[in-house]
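For reference, the chains in residue letters:
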Amino acid sequence: MSKTIELGVQGMTCASCVGRVERGLKKVEGVADASVNLATERATVTYDPALTTPQALLDKVKDVGYEPIVSHIELGVQGMTCASCVGRVERALKKVDGVLDASVNLATERASVTYLPSSVSPGQLKAAIRDAGYEVLEEQAGLSREDQEREAREREVNHLRRQVLFSAVFAVPLLLLAMVPMLVPAVEDWLMTTFGPGIMTTLNWVMLALALPIQFGPGLRFYRLGWKSLKNRAPDMNALVMIGTTAAFLYSLVATVAPGIFPEGTAHVYYEASGVVITLILLGKYFEAVAKGRSSEAMKKLLSLQAKTARVVRHGQELELPTDEVLVGDLISVRPGEKIPVDGEVVQGASFVDESMITGEPVPVSKQPGAGVVGGTINQNGALTFRATRIGADTALAQIIKLVETAQGSKPPIQGLTDRVVAVFVPVVLGIAALTFLLWLILGGGAALSFALITTVAVLIIACPCAMGLATPTSIMVGTGKAAELGVLFKGGGALEGLQDVQVVAVDKTGTLTKGKPELTDLVTAPGFDRIGVLKLVAAAEEQSEHPIARAIVEAARREGIATVKPEAFEAVPGYGLEARVEGHLVQVGADRYMTRLGLDVNVFAEQAERLGDEGKSPLYAAVDGQLATVIAVADPIKEGSLAAVNALHRMGLKVAMITGDNTRTANAIARQLGIDEVLAEVLPSGKSDAVKALQAKGQKVAFVGDGINDAPALAQAEVGLAIGTGTDVAVETADVILMSGDLRGVPNAFALSRATLRNIKLNLFWAFAYNIILIPVAAGVLYPAFGLLLSPVLAAAAMGFSSVFVLSNALRLRGFQPPVKPDAVAVPSPTTVHA
């Protein structure tokens with residue numbers, strides 16, 4: 001059967017564009033017809049879904065040079081209880097014509113849908129969810145999505161609490177009446193002696209009165225959701241509970257109302273197997289809902305960073321406005337202790353700003369006019385006025401929140417196994433339950449029906465796939481939230497899992513291992529010369545030059561508080577250096593060959609020159625009034641955290657490679673200082689991706705760490721790309737992981753958190769699967785022939801609830817993750833060392 005869909009197409013300008021798109025689409029296998037309308041910018045395509053897909057049609061539109069229109073929407077879904085629910089909602093959404101992909105997350109209770117807006121509307125997507133038996137969280141005016149979700153979760157928790165309390169009022173006496181006479185024979189004897197044999201019939205009627213409000217009060221939720229799942233031929237946990245408790249209740253009801261139809265001594269009642277089981281399952285759901293709320297705590301912290309109002313200066317007046325009314329270009333005033341509302345650039349004032357909540361770095365950052373500020377950070381001790389540069393969804397904090405939400409809603413590859421198992425799990429369980437019932441009915445002897453009932457109900461109750469559905473998303477949710485607190489952003493679950501296979505971490509040198517900006521690292525003076533005086537003269541001589549080395553010397557003088565003066569005369573000496581007259585002194589600066597030309601012996605500094613050479617630095621010399629005065633080295637200094645990061649990666653069993661355009665000698669010198677295993681030197685900027693390929697050609701999985709701008713090809717080539725950015729530039733398209741602090745110490749922290757999260761997921765999955773593999777046979781009664789043991793449905797319900805709570809509690813342990821390398825708690829001085 002053929003299908004017809006409409007695709008939105010952007011970029012068409014004339015009839016030849018229309019023809020090109022039509023011809024391209026008709027070439028796709030399975031396309032019967034394609035018609036394109038320039039006015040509406042739509043392509044109507046009739047195709048055979050057995051031979052092609054909407055995604056293939058979109059790819060063809062791109063291939064011929066145009067842009068297909070695709071939309072993305074996230075919908076809150078209420079009523080999901082287990083992994084089967086997730087699968088049912090996903091299948092319902094994917095069946096809608098025009099939906100390209102749908103992913104549902106049980107932990108966040110959200111559906112993420114990519115669709116063709118020309119073929120399907122958000123209303124149709126919502127209708128598909130409702131038809132599958134679930135509710136959509138509709139937006140309310142005046143409330144943010146986060147507030148609506150929080151309110152919905154609170155309503156659910158409060159509703160479950162009321163249902164648990166209501167059920168417990170009836171379930172506790174029901175359990176006592178059912179179990180005490182059975183477990184304590186003396187009590188049963190006393191009842192029979194005191195009230196006669198009829199007391200047992202009376203107790204059955206009392207237990208019916210206690211079980212009835214539970215079964216058709218709080219228990220109705222299982223009927224409502226379970227029946228919908230059966231009607232849609234996708235049975236879930238609710239169907240298992242509905243079938244199991246109904247069987248126990250109806251059997252007990254018949255045994256109470258018409259005990260004579262049963263063989264003598266077999267008219268037992270199992271009201272506790274319905275009433276108490278429902279109560280325990282609701283209790284488990286209540287604990288689950290509470291734990292789910294805690295698992296999104298990191299996201300709550302991020303959301304709480306957003307300022308609600310801003311003090312905007314307009315027409316000379318300060319106005320207190322909501323942050324969503326701030327415009328780009330507005331001047332905003334911030335007092336000490338206040339949150340900075342949006343991103344901007346300081347125009348007036350000076351202060352220190354705590355940016356730890358964005359970058360993970362604990363040291364406050366100095367802000368002067370011209371410095372950038374980030375919305376959500378806290379101004380500490382001075383008043384600032386800044387101009388808004390990014391507002392709303394463009395701010396760094398908004399981008400961070402969006403990335404964390406995307407990662408929390410994503411599915412890592414390991415989730416694929418769970419999805420495939422869950423797709424067949426509940427039908428298999430129903431089959432096992434039916435087989436259990438038949439076998440006990442055939443082999444159970446005189447009490448066959450009772451045994452068949454109790455074991456079947458236990459199988460149905462114990463086999464709930466809740467733990468399977470929660471195993472992966474809760475760990476991803478907590479892990480990515482914790483990562484955001486540490487200044488590490490994972491773009492998705494795939495990146496989190498991908499780090500596990502990496503064997504080599506390839507690191508770009510400039511701007512990653514090093515600061516990326518030349519600095520004066522060494523200044524050694526000859527006897528008789530004053531360090532400050534020499535630095536002042538050399539900096540004044542270099543003031544006229546725009547060379548990076550000259551700029552580094554001038555900047556070093558300014559950092560030392562030395563006021564540079566303008567030279568009276570200045571002349572460049574091509575191929576050698578420069579000559580200047582400063583405050584009456586003749587200053588000559590250049591390489592060793594310049595000093596030799598001037599007749600000066602540089603061997604005075606032989607020891608220092610050898611040390612600088614070993615460190616990969618090229619020495620410069622300066623003469624004052626014809627006498628050799630100093631040896632100077634300017635280099636790109638290693639960042640403070642680089643050595644600690646490389647050592648931490650080695651402790652994790654990873655090799656570290658450095659990719660740089662520097663000459664081999666300089667590169668090897670830096671590698672020796674940092675303990676780097678492999679050096680790829682003299683690599684052109686365009687050749688970094690080839691360098692990554694060379695590492696991969698050795699059969700190694702490679703993670704590449706770069707600055708995320710000029711390293712884009714290498715980031716894309718590596719199995720996992722990690723972009724060292726800053727908190728103000730987080731939207732790096734090609735990277736899989738973003739390190740907001742710009743500190744290499746984030747790399748081992750990302751690896752450690754990835755490993756901790758994957759261990760957590762694997763433990764959750766092991767528990768979820770092992771629990772079912774072991775306990776389903778026990779519930780079916782395999783231990784009875786050898787040990788006389790049967791699993792009570794009450795214990796099965798308790799175990800089922802415990803399994804979900806265990807998975808959630810285990811995921812919450814990630815909140816206590818401690819990074820292997822912590823940023824320094826105190827400010828680190830500049831590495832510039834000036835030796836006297």
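Because the structure is a prediction, the values reported are computed rather than measured.

Enquirer: Explain the side chain of Thr-279 to me, please; I cannot follow it from the model alone.
Expert: Relative to the assigned elements, Thr-279 resides in helix H10 (residues 272–295). One polar contact links the side chain of Thr-279 to the main-chain carbonyl oxygen of Gly-275, over a distance of 2.9 Å. Thr-279 has contacts with Val-164, Ser-167, Ala-168, Ala-171 and Ile-214, leaving out every residue within four places of it along the chain.

Enquirer: It is not clear to me how helix H4 (residues 122–131) should be interpreted in this structure. Could you clarify?
Expert: Note that an α-helix has 3.6 residues per turn; residues three or four places apart therefore point the same way. Within the sequence span of H4, burial applies to Leu-125, Lys-126, Ala-128 and Ile-129. For H4, the arc enclosing every buried residue in end-on projection is 155°, short of the 170-degree limit, so these residues lie on one face. Contacts from the buried residues of H4 go to strand E5 (71–78), helix H3 (83–94), strand E6 (99–105), strand E7 (110–115) and strand E8 (135–137). Of the residues one or two after H4, Gly-133 is the one with positive phi, at around 105°.

Enquirer: Could you clarify how one ought to interpret the pairing of strand E11 (residues 331–334) in this entry?
Expert: Regular strands place side chains that alternate from one sheet face to the opposite one. Both strand E9 (residues 309–314) and E11 contribute to a ladder of three bridges, which runs antiparallel. Counted as the bridge partner of Val-312 is Ile-332 from E11. Judged from the four bridges that link them, E11 and strand E17 (residues 384–390) form a sheet pairing that is antiparallel. By the bridge assignment, Ser-333 is partnered in E17 with Thr-385.

Enquirer: Quick question: what am I supposed to make of helix H8 (residues 220–231) here?
Expert: The terminal C-alpha atoms of H8 lie 16 Å apart, and with twelve residues this matches the ideal 16 Å at 1.5 Å per residue to within 8%. Those residues of H8 not exposed but buried are Arg-221, Phe-222, Tyr-223, Leu-225, Gly-226 and Ser-229. Directly after H8, the chain includes Arg-233, whose backbone phi takes a positive value near 55°.

Enquirer: Would you explain the sheet that holds E9 in this entry?
Expert: Sheet strands pair via backbone hydrogen bonds, and the direction of the pair is either parallel or antiparallel. An order of E10-E9-E11-E17-E12-E15 is seen for the six strands of this open sheet, with the pairing classed as antiparallel. Strand pairing shows two members of the sheet lacking a second neighbour, strand E10 (317–322) and strand E15 (372–373), which therefore form its edges.

Enquirer: It is not clear to me how the environment of Val-646 should be interpreted in this structure. Could you clarify?
Expert: As for its position among the elements, Val-646 is in helix H23 (residues 642–651). A relative accessible area of 1% places Val-646 in the buried class. Separated by 29 residues in sequence, Val-646 and Gly-675 place their C-alpha atoms 7.3 Å apart.

Enquirer: Explain the UniProt feature "transmembrane region" (unreviewed entry) in the protein to me, please; I cannot follow it from the model alone.
Expert: Sites flagged by UniProt as "transmembrane region" (unreviewed entry) map to residues 164–184, 190–216, 237–262, 268–287, 421–443, 449–472, 765–784 and 790–812. With 85% helix and 0% strand, residues 765–784 has its two end C-alpha atoms placed 28 Å apart. With 87% helix and 0% strand, the stretch residues 790–812 has end C-alpha atoms that lie 34 Å from each other.

Enquirer: Which parts of the structure should I look at to understand the packing of aromatic side chains?
Expert: Counting across every chain of the model gives ten aromatic pairs. With centroids separated by 5.2 Å and ring planes inclined at 40°, the aromatic side chains of Trp-440 and Phe-451 adopt a geometry described as tilted. Here Trp-440 is found in helix H14 (residues 415–443), whereas its partner Phe-451 is found in helix H15 (residues 448–462), with eleven residues between them in sequence. In this pair, the class of Trp-440 matches that of Phe-451, namely buried. Grouping aromatic residues by their ring pairs yields a cluster made of Phe-216, Tyr-223, Phe-249 and Tyr-271. Across from the ring centre of Phe-222, 6.0 Å away, lies the NZ or CZ of Arg-221, which sits over that ring. The lysine or arginine in question, Arg-597, covers the ring of Tyr-576, its NZ or CZ lying 4.5 Å from the ring centre.

Enquirer: I keep staring at the packing of H23 against helix H27 (residues 746–780) and nothing clicks. Help me out?
Expert: Direction vectors running N to C along H23 and H27 enclose 30°, while the axes themselves pass 8 Å from each other. Between H23 and H27, the angle falls in the class roughly parallel. Taking contact as the criterion, the partners of Ala-645, Ala-648 and Leu-649 in H23 are, on H27, Val-747, Pro-748 and Phe-751. Its residues placed into classes, the contact of H23 with H27 shows six nonpolar, no polar and no charged.

Enquirer: I tried to follow the pattern of salt bridges on my own but got confused; where do I start?
Expert: A side chain of one charge can pair with a side chain of the opposite charge if their charged atoms are brought near each other. Under the counting rule described, the total for this entry stands at 21 salt bridges. When the shortest N-O distance is used, the salt bridge between Asp-330 and Arg-314 registers 2.7 Å. Highlighted residues: Asp-330 in the loop between E10 and E11 and Arg-314 in strand E9, separated in sequence by 16 residues. When its relative accessible area of 10% is taken as the criterion, Asp-330 is described as buried. A salt bridge links Glu-583 to Lys-536, with the nearest nitrogen and oxygen atoms 3.6 Å apart. With Glu-583 in the loop between strand E22 (577–582) and strand E23 (585–590) and Lys-536 in helix H19 (residues 531–542), this residue pair connects regions lying 47 residues apart in the sequence. The partly exposed category is assigned to Glu-583, whose relative accessible area is 43%. Taking relative accessible area as the criterion, Lys-536 reaches 27% and is therefore assigned partly exposed.

Definitions and limits used
- Residues numbered from 1 in each chain as written.
- Predicted model: local features only at pLDDT ≥ 70, side-chain atom pairs only at ≥ 80, totals over all residues.
- Heavy atoms only, no water.
- Helix = DSSP H or I, 4+ residues; strand = E, 2+ residues; numbered from the N terminus.
- Polar contact = N/O pair within 3.5 Å; in protein donor to acceptor, adjacent residues only side chain to side chain.
- Contact = heavy atoms within 4.5 Å.
- Buried < 20%, exposed > 50% of the residue type's maximum accessible area, 1.4 Å probe, protein only.
- Arc of directions from axis to C-beta.
- Pairing = 2+ DSSP bridges.
- Expected span 1.5 Å × (residues − 1).
- UniProt positions renumbered as here; feature names shortened; annotations may be inferred.
- Phe/Tyr/Trp six-rings, centres within 6.5 Å; stacked < 30°, edge-to-face > 60°.
- Lys NZ or Arg CZ within 6 Å of the ring centre and 35° of its normal.
- Axes fitted to C-alpha atoms, helices over the stretch in contact; angles between N-to-C directions.
- Parallel < 35°, antiparallel > 145°, perpendicular 65-115°, else oblique.
- Nonpolar A, V, L, I, M, F, W, Y, C, P; charged D, E, K, R; others polar.
- Salt bridge = Lys/Arg side-chain N within 4 Å of Asp/Glu carboxyl O.

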